[in-house]
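Secondary and tertiary structure notes
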Protein chains: 2
Amino acid sequence: MRRFFIVLCLILPLSLAAKVVSPQINANNSVTFRISAPNASRVQLCSDFLPVTKVTSKYGNVYELPGRAEMLKNGDIWEYTSPVLEPELYKYNFIVDGLETLDMSNVYVHRDVSTIYNIFIISKNEGDKGYLYSVNDVPHGSVNRLWYPAPGLGGQRRMAVYTPAGYEDSKESYPVLYLLHGAGGDEEAWLMLGRAAQIMDNLIALGKAKPMIVVMPNGNAPQEAAPGEGSKGMYVPSMTRGAIGNNMFGNGGFESSFMDVVNYIDSHYRTIAQKSGRAICGLSMGGFHTRNISYLYPDCFDYVGLFSAAQQKRGEAAIYDKMESQLACQFAQQPKLYWIAIGKDDFLYEENVQFRTLLDSKGYQYEYFENEGGHIWLNWRIYLPVFAARLFQ
Amino acid sequence: MRRFFIVLCLILPLSLAAKVVSPQINANNSVTFRISAPNASRVQLCSDFLPVTKVTSKYGNVYELPGRAEMLKNGDIWEYTSPVLEPELYKYNFIVDGLETLDMSNVYVHRDVSTIYNIFIISKNEGDKGYLYSVNDVPHGSVNRLWYPAPGLGGQRRMAVYTPAGYEDSKESYPVLYLLHGAGGDEEAWLMLGRAAQIMDNLIALGKAKPMIVVMPNGNAPQEAAPGEGSKGMYVPSMTRGAIGNNMFGNGGFESSFMDVVNYIDSHYRTIAQKSGRAICGLSMGGFHTRNISYLYPDCFDYVGLFSAAQQKRGEAAIYDKMESQLACQFAQQPKLYWIAIGKDDFLYEENVQFRTLLDSKGYQYEYFENEGGHIWLNWRIYLPVFAARLFQ
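Residues numbered from 1 in each chain as written. Chains lettered and ligands numbered in written order. Predicted model: local features only at pLDDT ≥ 70, side-chain atom pairs only at ≥ 80, totals over all residues. Heavy atoms only, no water.

A separate point is the overall build of chain A. A tally of helices and strands in chain A yields 11 helices and 20 strands. Relative to the compact-globule value of 21 Å for 393 residues, chain A shows a C-alpha radius of gyration of 22 Å, a close match. Dimensions along the principal axes, computed over C-alpha positions, put chain A at roughly 70 × 55 × 45 Å. The buried share of chain A, reckoned over its 393 residues, is 64%. Contacts spanning at least 24 positions in sequence make up 73% of the contacts within chain A whose residues lie at least 6 apart. With 35 positive and 39 negative side-chain charges, chain A shows a spacing of 2 Å between the two charge centroids. (Helix = DSSP H or I, 4+ residues; strand = E, 2+ residues; numbered from the N terminus. Rg over C-alpha atoms; globule rule 2.2 N^0.38 Å. Buried < 20%, exposed > 50% of the residue type's maximum accessible area, 1.4 Å probe, protein only. Contact = heavy atoms within 4.5 Å. Lys, Arg positive; Asp, Glu negative; His and termini not counted. Charge placed at Lys NZ, Arg CZ, Asp CG, Glu CD.)

Okay, here's the thing in structure tokens:
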């Protein structure tokens, strides 16, 4: 038996590089990072817990890069220990003599659009952010990936559906949250980067959210499925373009055909198929889609969440020109919650000020949640549990 | 709108490293690999299409490392173009001055136990290996990840369930294939490394396999779920030990409690809940589990597939001592197909010769499939479609 394991262990790795322990989460919630790079002359850690670097692009836009920290060499191993970290899901990679690389000792890798990086989670107490994003010893829902007919966009499309713990063995009907991703994302984004299944499992187990179905469609009109999951092959994902080269925003097509998604869910899951049993929210482009879908179908959603939403017109579709009259329709049958969230440093902040000014000028009721930070997943992972806790009460 | 995209594009990446196109699959199915490493003095490509290097360990075991090829520097970019490649799913990484790194331009990353690497697929014609492993424009099944009660192993456990295209909108009952992973694998292994969902979609669409449900449980007795998917957190996966440090083989516990899996599936899916509607197969440890489960429950499975199966006793469980009498039971009600597959270079080859000698000595009917190569996913991805095409005919 021992020989079996030894041989097996040796067969699989691509090579025999010394493995180091990294990241090592220490008892005080500092984190030690290590990489074996005997021949390197400079190694840096790049992570979002480090102070950001502001850079101005040649277009004059100011943007932020995750901070870097110098790692110190000890024998063949480069090492860096962070300060004590607050509960959060953090991302990082290494830069070895200018070359970006992953931490090959850490198999937990996320993809955000076309970038891959390692992650780790810090949690101190039940209910903190790190706890909400972790898999805890609580009842777990199921996550299904399925293809559904989407005649409005032509052909079959892929989506992910979370059903809460207990759904399979119950006869009850459940409310549904439609959860939309941003530009460059896809039906996997809220599950991977947004930790949606973990957040819902934990909120429900803590009694902070009602059990609900969560539906994550692919909101890129020209993309049938996440990169690598559709028949366009393993192409390089892009922020702005789907596999066949069209604008991800879809010029209203996704919004206009959204009942393809709702009808599929209502006919294949035990749902509360009425306004009081439906919520919709999304981030960035998905916030824009949420706003448009909810005004296009004013009888459909009682809970609407715009997370760092794009608000200006992104195309020439007729549905965009109908916004004001449709909003009038939507707010004439006041949704139970119309929730707008954004970070102070978000580059879409001003667009949201303008949109709120419009709502205010009409006297439409909404709630507003503002926090620190910008257009990043750290914020969208905050908004989801705050919004979800308000639903179907 | 343009400004929106520009800003958004700049915000997300961890840094601004020049992206190169890699891998680039050329028209003749050669592949060009590129990496920007201006400061490096030597860069190699490591991939399983290159001739292997044989190495002898200090224990005297001979094992193989994927071959390496020198990349050539052209400005800041290192480049290598492969010969014309046959249809297959290939893995690779780069070695930059001795440092292993992924191709950061390729977001398609697989994890095998504790190793991560990039992949790409070559396909020439409908039905070839690369085609079977790809997402093609065919009807797609669904893949659900769910938690089920497993009293025999204590608590809830996670599994993946593939349902074929059409299942949701049908009233029919379907046969079920139980598909088991090897040591170091988990309920994600056949989906990721084995391309099981793609293989089944394509085989069914080509008319080469019957529509069937495919159930992928976690066969590591001490592990409730894949690493990162259970409450043990984001630990480093291991070939031999689960999160709580116990032998993955489980000393018969997984086999003895396997009806927990079957009962859950039969009570939650529309199955043909009888011997003629059930198949079971697995690789390596999963082949060992398959052999044991199928003899423990001789009325349960009409199709049995041992892929590169471990055959010697891996523990002291009583069920292992009952093998010969239980095999007599099993073959007294001859399964429709008892299928043994192994590569000529597999380190378990001799164990399988001994097992077949036993079967031959008793006159038990089985089929034997032998091919080139060793204990690797390239072979298990071959065995699955050959076996699946034989089921439920």
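Here the narrative resumes, following the displayed structure.
The interface is formed by 95 residues belonging to chain A together with 95 residues belonging to chain B. Between chain A and chain B, roughly 8,100 Å² of surface is buried when both sides are summed, and carbon and sulfur atoms account for 68% of that area. The tally of links between chain A and chain B comes to 0 salt bridges. The tally of links between chain A and chain B comes to 12 residue pairs in polar contact (both at pLDDT 80 or more). With 9 residues, helix H1 (residues 2–11) of chain A is the largest single contributor of residues to the side of chain A that touches chain B. In the side of chain A that touches chain B, the residues fall into 50 nonpolar, 28 polar and 17 charged. (Buried area = accessible area lost by both parts, 1.4 Å probe. Salt bridge = Lys/Arg side-chain N within 4 Å of Asp/Glu carboxyl O. Polar contact = N/O pair within 3.5 Å; in protein donor to acceptor, adjacent residues only side chain to side chain. Nonpolar A, V, L, I, M, F, W, Y, C, P; charged D, E, K, R; others polar.)

Moving on, we get to the pattern of salt bridges. All names here are of chain B. Going through the model one piece at a time under the given rule, you end up with 37 salt bridges over all chains. With a closest N to O distance of 3.5 Å, Glu324 and Lys362 form a salt bridge. In this pair, Glu324 is assigned in helix H9 (residues 323–332) and Lys362 in helix H10 (residues 349–362), connecting sequence segments 38 residues apart.

Our focus in this paragraph is the packing of aromatic side chains. Aromatic ring pairs are defined here through the distance separating the ring centres and the angle between the ring planes. Residues and elements named next belong to chain B. In this structure the tally under the stated criterion is 58 aromatic pairs over all chains. Ring geometry for Phe33 versus Tyr92: centroids 4.9 Å apart, planes at 65°, classification edge-to-face. Of this pair, Phe33 sits in strand E2 (residues 31–36) while Tyr92 sits in strand E9 (residues 88–96), and the two are 59 residues apart along the sequence. On the basis of relative accessibility, which here comes to 0%, the residue Tyr92 falls in the buried class. (Phe/Tyr/Trp six-rings, centres within 6.5 Å; stacked < 30°, edge-to-face > 60°.)

A few words now on the sheet that holds strand E8 (residues 77–81) of chain A. All names here are of chain A. Taken in spatial order, the 4 strands of this open sheet run E1-E2-E8-E7, and their pairing is antiparallel. In the strand order of this sheet, the two ends are held by strand E1 (24–25) and strand E7 (72–74), each with one partner. The pairing of E1 with strand E2 (residues 31–36) spans 2 bridges and is antiparallel. From the neighbouring strand, Gln24 faces E2, where its bridge partner is Thr32. (Pairing = 2+ DSSP bridges.)

Tracing the sequence through the fold places Asn106(B) in the loop between strand E10 (99–101) and strand E11 (109–112). A distance of 3.0 Å separates polar atoms of two side chains, one belonging to Asn106(B) and the other to Tyr92(B). Setting aside its immediate chain neighbours within four residues, Asn106(B) contacts Ile116(A), Ser22(B), Pro23(B), Tyr92(B), Asn118(B) and Ile119(B).

Our next topic: the state of the cysteines. A full pass over the atoms with the stated rule returns 0 disulfides over all chains. The cysteine Cys281(A) is free of any disulfide, with Cys300(A) supplying the nearest cysteine sulfur at 14 Å. (Disulfide = S-S within 2.5 Å.)

With that settled, the discussion passes to the side chain of Arg34(A). Residues and elements named next belong to chain A. Take Arg34: it is sitting in strand E2. Within polar-contact distance, the side chain of Arg34 engages the side chain of Glu79 at 3.0 Å. In contact with Arg34, other than residues within four places in its own chain, are Val20, Val21, Ser22, Gln24, Met71, Ile77, Trp78, Glu79, Phe94 and Asp103.

On to unusual backbone geometry. What is expected of a backbone is that most residues other than glycine have negative phi and most peptide bonds are trans. With an omega dihedral of -5°, the bond running from Ser22(A) to Pro23(A) counts as a cis peptide bond. Looking at the element boundaries, Pro23(A) is found in the loop between H1 and E1. Of note, Asn251(B) is a non-glycine position whose phi angle comes to about 50°, a positive value. Judged by its relative accessible area of 38%, Asn251(B) is partly exposed.

With that settled, consider the relation of the copies chain A and chain B. Once chain A has been moved 0.0 Å along the axis and rotated by 180°, it coincides with chain B to within an RMSD of 0.0 Å. Taken together, these values place the two copies in the relation of a two-fold axis. Across chain A, the rotation axis passes nearest the C-alpha of Asn144(A), at a separation of 2.0 Å. A high fraction, 100%, of the interface residues of chain A reappear at the interface in chain B, so the copies pair face to face through one surface. (Least-squares fit on C-alpha atoms with pLDDT ≥ 70 in both.)

Looking at helix H6 (residues 259–268) of chain A, one finds that the buried residues are Met259(A), Asp260(A), Val261(A), Val262(A), Tyr264(A) and Ile265(A). On its buried side, H6(A) packs onto strand E13 (142–149), strand E14 (156–163), strand E15 (176–180), strand E16 (213–217) and strand E17 (278–283) of chain A.

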